[in-house]
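Secondary and tertiary structure notes
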Amino acid sequence: MRQIFVLEEQTVGKIAAGEVIERPASVVKELIENSIDAGSSHVVIELGNGGGDYIRITDDGSGISEDDVEVAFEKHATSKIRSIEDLASLRTLGFRGEALPSIAAVSRIELSTRHEREDFGTYLKIEGGVVKDRRKMTRGVGTTLEVKSLFYNLPARIGTIKSKSTELRHIVEVCITYAIIYPEIKFELLHEEKPILSTVGSGKMLDAIVNAYGRSVAKELIELKEPSLHPQHHATISGFISRPSVWYGTKKHLLTYVNRRFVRSEVMEKAIKRGYSSLLPKHAYPFAVISLSIDPGEINVNIHPTKREIRFYHADELFQFIADAVSATLRHADLIPEVVPHEKGTEAGAVHFLGLPREKKALISVQTSFQEEVKEEEVQANEAGSSLNIRFAPLYQVLDSYILAQSEEDDVIMIDQHAAAERINYERLVERYGGRIDKQTLLRPYIPQLSPHQLYVLRENEQVLRDMGFDIERLGDDSYVIRAMPVVFHGMVDEEEITEIIMRLVEESGKKEEQIKVLLSTAACKASIKAGEKLSYEYMRGLVEQLKTAKIPYTCPHGRPTMIRLSKKEIEKRFKRR
Ligand code: ADP
Ligand code: MG
C-alpha cells in the first residue's frame, strides 16, 4: 500500500513560508529589509489590526523593474547574490530570495513599483502565490507593497496569532531595531492611522534612540569610546551603553548588530556584561546598542532561517574586543547617578506612546529608585575624561551611614560609607591577589554542620574549594573538617560565615573568575566599615581620598552605587532661584 506521496507544490510553499513568516512582525521585518536594501531614505509602515488585516509599506528606494516584478515572487529569486561565494562579501540584509514568495504564499498581495530608470510603474496583484492582475501605471520611483489577510489560507497559523496589542508590540520592536541602526532613514509607523513611531532620519543614532525610547532613556547613555580598529580582523565598534545605574533583569535591551544586521549573539551579550564587570549586579543587564562592523568573511550569517543568529569565526578575539570597548568607556565616564525625583508626563518615544503592558512601561528601572526627568536639556552622552572632583572639606556624616560632600562643580555628593569602603577594599584585594590565593591555617579546625544537600554539593566540589584556598578533608561519611582558609578572611569571619562562603563558591563552580570575585568581594565586605557606625572627619577624609583613586569608584563590587549626586542646578530649581 502506498503511504508516501509527494506534496503538492502549493502545500510545499505554505510549509516553507511558515519558516520565514511566523507572525505579522516577520512580514514587517522582511519588507523593511527589502526597503533598506533598495537604498531608501524614507520608509512608511502602515498597519491595520496589529498587522493581521493589512501591512502596507512604502519606500522611496530603487523600485523594481517591470521585467522583474513577477520574478521577484519566485522562489530563490534575488538580485543580491549570484553564487555562494558572494556571501563572503555580502553587504545587503537579504540574499536568499525567500521573503516575497513566502509572504505571497500565505496572503493577498498588491504591489506597485517603479524602477528608477523606467518611466512607468507596474501594478501586480497576487493571491496565495498566484498572479491575479497586472497593469502598467504611473507613479513615482519606489515601491508600495501591501500584504492583506495574512495566513487567510493557513487557518492553523491564524490561531497562533496573539492579540492585536501583542502583535503590534512585536512590530514596534522590529521597527525600532532597524530605525536605530539605520538613523539616516526616516521611519514612520502608523497603526490604524495613528502615528506610533517616527524617526527624524538625521543620520545620528542618538536621535533615533530618543525617537524610539524617549529622552529619559537616552539621557542615561554614554557613547562608546572612539571606534578603535581591531587590528587583526578589521573590526570597528560603535554605539551607546547605559550608565550602571540603569539596568534590567533581562537581556531584552541589548541591541546587538553586526554589519548593521540585528543579531542575537551570546558572544556579544556576554562581552557587554563582562565590560561592566562588577558595576552591575549579577543577573542584571544594561541598555546597550552595540554596532560591530567586520569583514563579512569573518562571519557566517547563513545558519538561521530568519538570519537572527550568526557565527563568528574568531569569537574569542571579538569577545575581548567588545568587552574592552565597554569597560574603557565606563572607566572614562562620570557615573555618579543624579538624585532627581521622577515625575511623570514628559515621556516621548514610541515605546511609551503605546498603551503597552506594564512590564514594558517600566522600561528603565533605576537602582536608586530615583530617575532623571529630562525636559529640554541636551543629551550629553559622553563626558569622557571627567574625574571624581570631590572636595575634602566640608564633610559631614548623616544618619550614621552617609557622607555629605561637595564637588568642585558645587554639586552635593552623598556617599554610602559602607559601599564606598567596600569598593576601596575590593580593589585593594584584587590588586594584591595576583593569581594566587594564600592560605591561613585555622587555630582550631572547624567542622561545619551540613545538611544532607550541602554535604552532597560539597562532595561534588571538593576540588573547587581546594583551588580557592580552603583545606578541607572528609571526616567519615557525613562531615568535613576545614583546617585552613584563604588569608583574606583572616580574623574577619566567624565559623557560620565560613559555611556560607563555601556554599556561594560552590554555586559558581566551573567559573573561576566568578569564584575569585565572590571570594574577594565577600572579604571586602567583611573588612569594611558598616552602616550605622559613627565616623570621624579624618576617617571620612581618608575614605574620600581613597575613593578618588579607585579604578571604578561609582559602584560597590555588588553593583550598588557608592554615591549619588544632587546638582546645584537642581537645588536652585527646587528653591525657585532659577
Ligand atoms: P531577497 O531580499 O533575499 O533578495 P526577497 O524575496 O525579499 O529576496 O526579494 C526578492 C527581490 O525583489 C530582491 O532581491 C529585490 O531585487 C526585489 N525587491 C523586493 N523588495 C523590494 C523593494 N522594496 N525595492 C526594490 N526591490 C525590491
Ligand atoms: Mg528580502
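Computed from a predicted model, the values in this text were never measured in an experiment.

**Details of the site of ligand 1**
By nearness alone, 20 residues border ligand 1, and Asn-34, Thr-78, Ser-79, Lys-80 and Gly-97 come closest of all. Thr-78 is positioned such that a nitrogen or oxygen atom in its side chain is 2.6 Å from an oxygen atom of ligand 1. Backbone polar atom of Phe-95 to an oxygen atom of ligand 1: 3.0 Å apart, as the coordinates give it. Protein chains shield 91% of the accessible area of ligand 1, which is 530 Å² for the free molecule. Here the element with the most residues in the shell around ligand 1 is helix H3 (residues 99–105); it accounts for three residues. Taken together, the residues of the shell around ligand 1 sort by class into eight nonpolar, eight polar and four charged.

**Topic: the confidence of the model for the protein**
For the protein, the average pLDDT comes to 84, and 90% of its residues sit at 70 or higher. Residue range residues 352–386 is modelled with pLDDT below 50. Its contacts to residues more than four positions away, or to other chains, number 93 contacts.

**Some details on the packing of aromatic side chains**
Overall, the coordinates contain two aromatic pairs when judged by the stated rule. Taking the centre distance of 5.0 Å and the plane angle of 90° together, the rings of Tyr-213 and Phe-287 count as edge-to-face. In this pair, Tyr-213 is assigned in helix H6 (residues 205–213) and Phe-287 in the loop between helix H8 (266–276) and strand E14 (288–293), connecting sequence segments 74 residues apart. Residue Tyr-213 is classed as buried on the basis of its relative accessible area, which comes to 7%. Above the ring of Tyr-285, the side-chain terminus of Lys-273 is found at 5.5 Å from the ring centroid. Directly above the aromatic system of Phe-392 lies the positively charged group of Arg-541, at a separation of 4.3 Å from the ring centroid.

**Here's the deal with the pairing of strand E23 (residues 479–486)**
The element E23 is extensively covered by neighbouring structure, given that seven of its eight residues are classed as buried. In this structure, strand E21 (residues 439–446) lies alongside E23, joined through four bridges in antiparallel fashion. Residue Tyr-446 lies in a different strand from E23, and its bridge partner there is Ile-482. Judged from the five bridges that link them, strand E22 (residues 471–475) and E23 form a sheet pairing that is antiparallel. Paired with Glu-473 across the two strands is Val-481, which belongs to E23. Between the end of E22 and the start of E23, which pair antiparallel, lie three residues, with Gly-476 showing a positive phi angle near 70°.

**Quick notes on unusual backbone geometry**
In this structure, the amide linkage connecting Ala-393 to the following residue, Pro-394, adopts the cis form with an omega of -5°. Along the chain, Pro-394 falls in the loop between strand E17 (365–366) and strand E18 (396–398). The phi dihedral of Asn-49 is positive, around 55°, even though this residue is not glycine. Its place among the elements puts Asn-49 in the loop between strand E1 (42–48) and strand E2 (54–59). Despite not being glycine, Glu-192 shows a phi value in the positive range, around 45°. With respect to the element layout, Glu-192 can be found in the loop between strand E7 (186–191) and strand E8 (194–198).

Rules of the game
Residues numbered from 1 in each chain as written. Chains lettered and ligands numbered in written order. Predicted model: local features only at pLDDT ≥ 70, side-chain atom pairs only at ≥ 80, totals over all residues. Heavy atoms only, no water. Near = heavy atom within 4 Å. Polar contact = N/O pair within 3.5 Å; in protein donor to acceptor, adjacent residues only side chain to side chain. Areas by Shrake-Rupley, 256 points an atom, 1.4 Å probe, with all protein chains shown as cover. Helix = DSSP H or I, 4+ residues; strand = E, 2+ residues; numbered from the N terminus. Nonpolar A, V, L, I, M, F, W, Y, C, P; charged D, E, K, R; others polar. pLDDT = per-residue confidence, 0-100. Contact = heavy atoms within 4.5 Å. Phe/Tyr/Trp six-rings, centres within 6.5 Å; stacked < 30°, edge-to-face > 60°. Buried < 20%, exposed > 50% of the residue type's maximum accessible area, 1.4 Å probe, protein only. Lys NZ or Arg CZ within 6 Å of the ring centre and 35° of its normal. Pairing = 2+ DSSP bridges.

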